[in-house]
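In case you want the letters, here they are:
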Amino acid sequence: MLKVRNLYAGYGHLEVVRGVSFHVALGEIVALVGANGAGKTTLLRTLAGLQPVWSGEVSLQGRDIRGMPAWRGILQGMTLVPEGRLVFADMSVMDNLMVGGYRNPDRRTDIAEMLALFPRLDERRQQQAGTLSGGEQQMLAIARALVGRPRLLLLDEPSMGLAPRIVSELFRLIHDLRRKDLTVLLVEQNAVAALQIADRAYVLETGAITLEGDANELRDHPEVRRAYLGQGTIGEES
Ligand code: ATP
């Protein structure tokens, strides 16, 4: 579905993504975990066409998508759910979903399906999106993306700022999305939650991939346990 080779990207003179290579196969949930400032958001934004590719290769279903504007990426089936739940705050929940599905001729059916999947949104259909709780806004941001029927969903830190109970609920939903023929690239600082639902994972440190493997294996990896799963002191020399 997605193949990235030796990707470099950044801002001005600041190189943030440094020679990253990874892939996401059709139907997989792949997690990309890393600490603050590792370059996760920059990497996702570069894939989505919101930042320029400095060098390297990026292909979506075999097609070179370097330099492709974000709106065209959406037409190709790749949708980014950005960090910070950027919902349309002044619009109702329903109108946010209508916008998400504006190109989808079956959007009404798909919206009904989303409201069944996220009952909390259903109860709040006419509520202004900006007044929803953080968890509800995150659900809306994901539902709005799904109404556009993406094939590849790029999720940027969906757990950010959410209570642990809401994170579990949200991640269970993301896991269940697989049934909808969806491929997911999940970027997370919350390695515990991400590794629970992912098939495979990559660890990104200062812009480079330092570890990769089966999500279960990575969960047991001593370095991951020490740095990301709270079992040891972060930053401790090994
Ligand atoms: P977090 O988990 O804290 O969101 P991240 O892994 O997503 O972090 P990025 O947001 O990609 O990391 O940031 C990586 C580096 O790029 C940081 O040093 C950050 O200061 C820098 N950076 C991010 N956005 C910009 C920008 N618009 N201009 C200049 N530097 C930026």
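A. Looking closely at the pairing of strand E7 (residues 152-156). The buried fraction of E7 is high, at five of five residues. Burial of E7 is two-sided: the residues Leu152, Leu154 and Asp156 facing one way and the residues Leu153 and Leu155 facing the other way are all buried. Here E7 pairs with strand E8 (residues 183-188) via five bridges, running parallel. Pairing of Asp156 across the sheet is with Val187, part of E8. Where the polypeptide runs from E7 across helix H7 (residues 164-176) and back to E8, its parallel neighbour, the crossover connection is right-handed.

B. Representation of the pattern of salt bridges. Counted under the stated rule, the structure contains eleven salt bridges. Two residues, Arg66 and Asp64, come together in a salt bridge whose shortest N-O distance is 2.7 Å. Relative accessible area serves as the criterion here: at 44%, Asp64 is assigned to the partly exposed category. Of the charged contacts, one joins Asp110 and Arg149 as a salt bridge, the two residues approaching to 2.6 Å between their closest N and O atoms. Here the residue Asp110 occupies a position in helix H4 (residues 107-117), and Arg149 occupies one in the loop between helix H6 (134-147) and E7, the gap between them amounting to 39 residues. Among the ionic contacts, a cluster of salt bridges with common partners joins Asp106, Asp110 and Arg149.

C. Looking closely at the sheet that holds strand E2 (residues 14-24). Spatially, E2-E1-E4-E5 is the arrangement adopted by the four strands of the open sheet, whose pairing is antiparallel. What marks the edges here is a single partner per strand, and that holds for E2 and strand E5 (63-64). The sheet contact formed by strand E1 (residues 2-11) and E2 spans eight bridges and is antiparallel. Residue Tyr8 lies in a different strand from E2, and its bridge partner there is Arg18. On top of the sheet, helix H1 (residues 40-48) reaches E1, E2 and strand E4 (55-60); it is set at about 115 degrees to E1, its chief contact.

D. How the structure looks around the site of the ligand. Around the ligand there are 14 residues in total, and Asn36, Lys40, Thr41, Thr42 and Glu157 lie nearest to it. One of the backbone nitrogen or oxygen atoms of Gly39 is found 2.9 Å away from an oxygen atom of the ligand. One nitrogen or oxygen atom from the side chain of Thr41 is found 2.8 Å from an oxygen atom belonging to the ligand. Here the ligand, which alone exposes 630 Å², has 59% of that area covered by the protein. Counting only elements with at least two residues in the shell around the ligand, the list comes to E2 and H1. The greatest single-element share of the shell around the ligand, amounting to three residues, is contributed by H1. Residues that form the shell around the ligand fall into these classes: five nonpolar, six polar and three charged.

E. Inspection of the nonpolar core at higher detail. If you look at the biggest cluster of nonpolar residues, it comprises 51 residues, and the most contacted ones within it are Leu121, Ile142, Leu153 and Phe171. Per-element accounting of this core gives the leading share, eight residues, to H6. Setting aside residues no more than four positions away along its own chain, Phe171 makes contact with Pro158, Ser159, Leu186, Glu188, Ala193, Ala194 and Ile197. Grouped together as the second largest cluster of nonpolar side chains are 29 residues, Phe22, Val30, Leu60 and Leu152 included.

F. Representation of the sheet that holds strand E9 (residues 200-205). Overall, mixed pairing links the six strands, which are arranged E6-E7-E8-E3-E9-E10 in an open sheet. One side of each edge strand has no neighbouring strand; the edge strands of this open sheet are strand E6 (78-81) and strand E10 (208-214). Shown here is a sheet whose adjacent strand axes are inclined to one another by a mean of 15 degrees, direction ignored. Contacts from H6 reach E6 and E7, with the element oriented near 170 degrees to E6. Across the sheet, H7 is in contact with strand E3 (29-33), E7 and E8; its angle to E8 comes to roughly 150 degrees.

The rules behind these values
Residues numbered from 1 in each chain as written. Predicted model: local features only at pLDDT ≥ 70, side-chain atom pairs only at ≥ 80, totals over all residues. Heavy atoms only, no water. Buried < 20%, exposed > 50% of the residue type's maximum accessible area, 1.4 Å probe, protein only. Helix = DSSP H or I, 4+ residues; strand = E, 2+ residues; numbered from the N terminus. Pairing = 2+ DSSP bridges. Right-handed = clockwise from strand over helix to strand, strands pointing away. Salt bridge = Lys/Arg side-chain N within 4 Å of Asp/Glu carboxyl O. Contact = heavy atoms within 4.5 Å. Axes fitted to C-alpha atoms, helices over the stretch in contact; angles between N-to-C directions. Near = heavy atom within 4 Å. Polar contact = N/O pair within 3.5 Å; in protein donor to acceptor, adjacent residues only side chain to side chain. Areas by Shrake-Rupley, 256 points an atom, 1.4 Å probe, with all protein chains shown as cover. Nonpolar A, V, L, I, M, F, W, Y, C, P; charged D, E, K, R; others polar. Core = buried A, V, L, I, M, F, W, Y, C linked by side-chain atoms within 4.5 Å.

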